[in-house]
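# Reading the structure
The residues making up each chain are set out below.
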Amino acid sequence: MTMLTGLMSRVHRHMPAPARALPFVLAVEAMRRSGWLEPPAALNGHTFRLTVEDIGLEVRFRCVDGRFAPGPFDGSASDLTLRAKVADYLRLISGDADTDTLFFQRRLSISGDTELGLEVKYWLDAAPRPTWVGPFAARLSVLFPAPASAS
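Note that the structure is predicted; figures quoted are calculated from it, not measured. Per chain, the residues get numbers from 1 upward, laid out in the order the sequence is written. Confidence filtering applies because this is a predicted model: local features only for residues at pLDDT of at least 70, side-chain atom pairs given and counted only at 80 or more, and all residues used for totals across whole chains, interfaces and linings. Note that the side-chain values use all heavy atoms of the structure and ignore hydrogens as well as water.

### Some remarks on the overall build of the protein chain
From N to C terminus, the protein chain includes six helices and five strands. Helix and strand assignments follow DSSP, with helices taken as H or I runs no shorter than four residues and strands as E runs no shorter than two, numbered in order from the N terminus. Tracing the protein chain from N to C terminus, the helices and strands come up as α-α-β-β-β-β-α-α-β-α-α. Based on C-alpha atoms, the radius of gyration is set beside the globule rule, defined as 2.2 Å times the residue count to the power 0.38. Relative to the compact-globule value of 15 Å for 151 residues, the protein chain shows a C-alpha radius of gyration of 15 Å, a close match. Taken along its principal axes, the extent of the C-alpha atoms in the protein chain is 45 × 35 × 30 Å. A buried classification covers 36% of the 151 residues belonging to the protein chain. When checking whether two residues touch, look at their non-hydrogen atoms; a contact exists if any pair is within 4.5 Å. Here the contacts in the protein chain between residues at least 6 apart in sequence split such that 68% fall between residues at least 24 apart. For each residue, the accessible area found with a 1.4 Å probe, counting protein chains only, is set against the maximum for its type, and the residue is called buried under 20%, exposed over 50%, and partly exposed in between.

Next up, the structure:
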């Protein structure tokens with residue numbers, strides 16, 4: 001754990017769930033509005049939990065009428081949970097890795113509704129990425145280096 005990930009983990013532990021979810025939801029909603037990350041109809045009405053293991057971040061959100069919204073925060077189970085480390089999410093976002101690669105390398109965990117998981121997988125793999133996303137993710141990955149793999 002780097003100093004940055006340790007600090008972020010401590011901060012996230014003390015933040016209320018809505019405060020943790022809001023920046024993520026605002027970002028994906030902005031991407032949706034820009035036409036980049038349009039959710040398929042199959043996501044509508046479902047709840048999601050995104051866990052970023054190395055920084056202790058858990059974000060709960062839902063898709064309502066084709067839009068992203070925070071919550072629910074009532075302790076109910078999410079329909080689908082994705083778990084990975086920052087470096088792996090950045091590889092996924094940039095298109096440097098797909099969900100199958102990360103899943104079979106055990107770097108991305110997907111649990112919950114299997115059919116919904118497949119919809120999310122196909123959607124993330126097929127989503128067009130603006131040209132700036134790869135370089136932006138590469139710059140962020142310097143802050144969150146992937147651990148060296150054992151040979």
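### Brief notes about the environment of R60
Examined against the element boundaries, R60 turns out to sit in strand β2 (residues 57–64). Spatially, the C-alpha atom of R60 lies 4.5 Å from that of R49, the residues being eleven residues apart in sequence. Polar contact is defined as a pair of N or O atoms within 3.5 Å, subject to the rule that within protein one atom must be able to donate a hydrogen and the other to accept it, and that residues adjacent in sequence are counted only when both atoms are side-chain atoms. In this structure the side chain of R60 is engaged in a polar contact, spanning 3.1 Å, whose partner is the side chain of S78.

### Regarding the sheet that holds β2
Strand pairing in a sheet relies on backbone hydrogen bonds. The paired strands run either parallel or antiparallel. Paired strands are those between which DSSP finds at least two bridges. Read from one edge to the other, the open sheet built from five strands follows the order β3-β2-β1-β4-β5, with strand pairing classed as mixed. Every other strand in the sheet has two partners, leaving β3 (67–70) and β5 (108–112) as the edge strands with one partner each. Taking the axes of each pair of neighbouring strands and ignoring which way they run, one obtains an average angle of 25 degrees across the sheet. Across six bridges, the pairing between strand β1 (residues 47–52) and β2 is antiparallel. The residue bridging L50 from the neighbouring strand is V59, located in β2. Note on geometry: axes are C-alpha line fits, over the in-contact stretch for helices, and angles between N-to-C directions span 0 to 180 degrees. Helix α3 (residues 86–94) rests against β1, β4 (80–84) and β5 of the sheet, and its axis sits at about 110 degrees to β4. Across the sheet, helix α5 (residues 114–126) touches β1, β3, β4 and β5, and the angle it forms with β4 is around 55 degrees.

### A few points about the packing of aromatic side chains
Any two of the Phe, Tyr and Trp rings considered here, Trp counted by its six-membered ring, make a pair once their centres fall within 6.5 Å; the pair's planes then place it as stacked at under 30 degrees, edge-to-face at over 60, or tilted in between. All chains considered together, the criterion is met by seven aromatic pairs. Both rings, one in F24 and one in F61, keep their centres 5.0 Å apart while their planes meet at 55 degrees; by these two values the pair is tilted. Of the two residues, F24 is situated in helix α2 (residues 17–33) and F61 in strand β2; the sequence distance between them amounts to 37 residues. A relative accessible area of 24% means that F24 is categorised as partly exposed. What makes F61 buried here is its relative accessible area of 9%. Through pairs of rings, three or more aromatic residues link up here, namely F24, F48, F61, F68 and W123.

### Brief notes about the UniProt feature "domain: SCP2" (unreviewed entry) in the protein chain
UniProt positions are given in the numbering used here, feature names are shortened, and annotations may be inferred rather than shown by experiment. Cross-referencing UniProt, the feature "domain: SCP2" (unreviewed entry) maps to residues 41–121 in the present numbering. For residues 41–121, the helix share is 28%, the strand share is 35%, and the end-to-end C-alpha distance is 14 Å.

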